[in-house]
Amino acid sequence: MPVDPQLRNLDIEIPTQPEVLVKLSLLMAAEDIDLQAMSALVETDMALAAAVMKAVNSSLYGLRGRVQTVHQALTYLGMREVAAITFEMGLRAAFPAAAELESVWARASQRGLLMGRMGQMLGVDPWAAHSAGLFEECGKAVLYRHAPTHYPAMLRAATRDAELVELEKTAFGVSHDALGAALCESWGLAPAAVASVRHHVEIQSTLTMPESLARRSVAAISTVAWALLNHQDQLDDIASQIAPQAQLDETLVLRAARRVNEQLLAAQEHGR
């Protein structure tokens, strides 16, 4: 998809989607997904395959035995989670390695997994939910690459993303949520994922979805995941405010959030 012309006028580069991820997107869109074709595709890029295997064997997934091949990973974790890990590694590779971005990528892994599994439990497109979680903060990486000497100071100065957005608009004329949504569009992510990335800062700040937002379920899952990861003491209140705005059942949303959180904590405990 084309990048918004207004963003192009700002001379901030949106990285192109790696060819292997273009092909992976096509495989994911097929009605009957060929796991053998998917594993073969990932393994054609040795660096990407190595990064995927390292991620699969991390404590985040807590697998009982060490996985040796991409096909094994697909067998243990399933197509969606391995595809999401591949997208995450491809996304990271599109940007320079930087200590300031490590926390961004760490949150992306956890949030994506949390949102994808919540989506699956709630009957919301789990691939859209997972990819929205992975890409939620990717606009920060875009701005870091654009201004590596200035942007880290903004990351340190802002205590909340709503504050960071204002600093970004003043300095660059655009904020990371808008840039993240543009990257999602250019990489062909689902419209619901793009909308979630575009509006996540606003929704997390106000707990109110904009009237113009048509696709709301993924954005609601994003907000509940944010509450679970950052404000567990307010989880019930936040879910009660946000779930009805997306026509989701508050009780089911809370149950899914807590169940997935328990899974992730158990996996991390097992991986230690």
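What counts and how
- Residues numbered from 1 in each chain as written.
- Predicted model: local features only at pLDDT ≥ 70, side-chain atom pairs only at ≥ 80, totals over all residues.
- Heavy atoms only, no water.
- UniProt positions renumbered as here; feature names shortened; annotations may be inferred.
- Helix = DSSP H or I, 4+ residues; strand = E, 2+ residues; numbered from the N terminus.
- Axes fitted to C-alpha atoms, helices over the stretch in contact; angles between N-to-C directions.
- Parallel < 35°, antiparallel > 145°, perpendicular 65-115°, else oblique.
- Left-handed = near helix turned anticlockwise from the far one by under 90°.
- Contact = heavy atoms within 4.5 Å.
- Nonpolar A, V, L, I, M, F, W, Y, C, P; charged D, E, K, R; others polar.
- Phe/Tyr/Trp six-rings, centres within 6.5 Å; stacked < 30°, edge-to-face > 60°.
- Buried < 20%, exposed > 50% of the residue type's maximum accessible area, 1.4 Å probe, protein only.
- Disulfide = S-S within 2.5 Å.
- Salt bridge = Lys/Arg side-chain N within 4 Å of Asp/Glu carboxyl O.
- Patch = residues over 30% accessible without salt bridge, like charges linked within 9 Å, V, L, I, M, F, W, Y side chains within 5 Å.
- Areas by Shrake-Rupley, 256 points an atom, 1.4 Å probe, with all protein chains shown as cover.
- Lys, Arg positive; Asp, Glu negative; His and termini not counted.
- Charge placed at Lys NZ, Arg CZ, Asp CG, Glu CD.

A closer look at the UniProt feature "domain: HDOD" (unreviewed entry) in the chain
No. 1: Mapped onto this numbering, the UniProt entry annotates "domain: HDOD" (unreviewed entry) at residues 14-203.
No. 2: Taken end to end, residues 14-203 is 74% helix and 0% strand, and its two terminal C-alpha atoms sit 24 Å from one another.

A short note on the packing of helix α13 (residues 191-206) against helix α14 (residues 217-230)
No. 1: The N-to-C vectors of α13 and α14 enclose an angle of 45 degrees; their axes lie 8 Å apart at closest approach. Taken together, the axis directions place α13 and α14 in an arrangement best described as oblique. In this structure, α13 crosses over α14, and the sense of that crossing is right-handed. Mapping the contact onto sequence places A192, S196, H200, I203 and Q204 in α13 and V218, A219, S222, T223 and W226 in α14.
No. 2: Here the residues of the contact of α13 with α14 sort into 5 nonpolar, 5 polar and no charged.

Digging into the packing of aromatic side chains
No. 1: Across all of its chains, the model carries 4 aromatic pairs by this definition.
No. 2: Measuring from centroid to centroid gives 6.2 Å for F95 and W105, while their planes differ by 35 degrees, and the two rings are tilted. Taken as a pair, F95 in the loop between α6 (79-93) and α7 (99-122) and W105 in helix α7 lie far apart in primary sequence, 10 residues in all. The pair formed by F95 and W105 is uniform in burial state, with each residue classed as buried.
No. 3: Arranged with centres 5.7 Å apart and planes meeting at 75 degrees, the rings of F135 and W187 form a pair that is edge-to-face. Here F135 is found in helix α8 (residues 126-135), whereas its partner W187 is found in the loop between α12 (176-186) and α13, with 52 residues between them in sequence. As far as the burial class goes, F135 and W187 line up, both buried.

Quick word on the state of the cysteines
No. 1: Under the defined criterion, the tally for this structure stands at 0 disulfides.
No. 2: C138 carries a free sulfur, and the closest cysteine sulfur to it, the one in C184, is 4.9 Å from it.
No. 3: Assessed through its relative accessible area of 0%, C138 is described here as buried.
No. 4: Residue class for C184 comes out buried when judged on its relative accessible area of 0%.

Quick notes on the pattern of salt bridges
A side chain of one charge can pair with a side chain of the opposite charge when the charged atoms of the two come close.
No. 1: Under the criterion given, the structure shown has 11 salt bridges.
No. 2: Here E13 ties to R145 by a salt bridge, and the two come within 3.7 Å at their closest N and O atoms. With E13 in the loop between α1 (5-9) and α2 (19-29) and R145 in helix α9 (residues 138-146), this residue pair connects regions lying 132 residues apart in the sequence.
No. 3: Accessibility expressed as a relative area gives 26% for R145, which makes it partly exposed.
No. 4: One salt bridge in this structure joins E136 and R111, with 3.8 Å as the shortest N-O distance.

Considering the packing of α8 against α13
No. 1: It is at 8 Å that the axes of α8 and α13 come closest, and there the two elements cross at 35 degrees. Crossing of α8 against α13: the hand is right-handed. Contacts between α8 and α13 involve A128, S131, A132 and F135 from the former and A193, S196 and V197 from the latter.
No. 2: Looking at the contact of α8 with α13, its residues break down into 5 nonpolar, 2 polar and no charged.

Considering a negative patch on the surface
No. 1: On the surface, D233, D237, D249 and E250 cluster together into a negatively charged patch.
No. 2: When you line up the elements, D233 lands in the loop between α14 and α15 (235-242).
No. 3: Judged by relative accessible area, D233 falls into the exposed class, the value being 70%.

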